[in-house]
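# Chain and residue survey
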Amino acid sequence: MARYMPITGIDCNIPSLLIDTEAPVDVLHDTAAYRIRSVTQLLETLSIGEGIGRDALLLQDFARVLAIPLRDGCDLMDVIGRRLQAQV
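Cut-offs and rules
- Residues numbered from 1 in each chain as written.
- Predicted model: local features only at pLDDT ≥ 70, side-chain atom pairs only at ≥ 80, totals over all residues.
- Heavy atoms only, no water.
- Salt bridge = Lys/Arg side-chain N within 4 Å of Asp/Glu carboxyl O.
- Helix = DSSP H or I, 4+ residues; strand = E, 2+ residues; numbered from the N terminus.
- pLDDT = per-residue confidence, 0-100.
- Buried < 20%, exposed > 50% of the residue type's maximum accessible area, 1.4 Å probe, protein only.
- Contact = heavy atoms within 4.5 Å.
- 1 Å grid on protein atoms, 1.4 Å probe; cavity = no way out; pocket = protein on both sides within 12 Å on 5 of 7 lines; lining within 4 Å.
- Points joined across faces, edges and corners; volume = space filled by probe spheres on them.
- Nonpolar A, V, L, I, M, F, W, Y, C, P; charged D, E, K, R; others polar.

As named in an unreviewed UniProt entry, the protein is Short-chain dehydrogenase, taken from Pseudomonas wuhanensis.

Listed below in structure tokens is the structure:
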């Protein structure tokens, strides 16, 4: 596994957002958890909101925005999984 892995959400020749795959596992986990928790909190807030469900364009925009930290969190969890597998 390369030392720096680009996040999967960006499709370009020169990535600018990278994950340090050699960072301590607890740091990778905390970063992933923060991103996933932030998405969860906003989704919970949206689920109890009145009137937002009627605006399809607004919901589409929220979905795009929420996909970014969720994808980042999944990328980080993937690195953690690879690191744990390498220890076995």
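We are not done yet, so read on.
## Some remarks on the pattern of salt bridges
In a structure, side chains of opposite charge can pair up when their charged atoms sit close to one another. One pass over the structure, following the stated rule, counts five salt bridges. The partner of R3 in a salt bridge is D20, and the shortest N-O contact between them spans 2.6 Å. Of this pair, R3 sits in the segment before β1 (4-6) while D20 sits in strand β2 (residues 18-20), placing them 17 residues apart in sequence. Between D78 and R82 there is a salt bridge whose closest N-O contact spans 3.0 Å. Within this pair, D78 and its partner R82 are both found in helix α2 (residues 56-87), separated by four residues, close to a single helical turn.

## Description of the confidence of the model for the protein
The predicted model of the protein has a mean per-residue pLDDT of 89, with 94% of residues at 70 or higher. Of all the helices and strands in the protein, α2 carries the lowest mean pLDDT, 91, while β2 carries the highest, 95.

## Details of the environment of L76
Looking at the element boundaries, L76 is found in helix α2. The class of L76 is buried, set by a relative accessible area of 7%. If near-sequence neighbours (up to four positions away) are discounted, L76 is found in contact with I19, L28, T31, A32 and R35.

## Looking at the layout of surface pockets
Its boundaries defined by the atoms lining it, the largest pocket holds a volume of some 190 Å³. As for the largest pocket, its lining consists of I7, L17, L18, I19, D20, A23, V27, L28, T31, R35, D72 and L76. Elements supplying a minimum of two residues to the lining of the largest pocket: β2, α1 (25-48) and α2. In terms of residue count, the dominant contributor to the lining of the largest pocket is α1 (four residues). For the lining of the largest pocket, the residue count by class is eight nonpolar, one polar and three charged.

## Notes on the side chain of D72
Tracing the chain through its elements places D72 in helix α2. Once residues within four sequence positions are removed from consideration, D72 is found in contact with I7 and R35.

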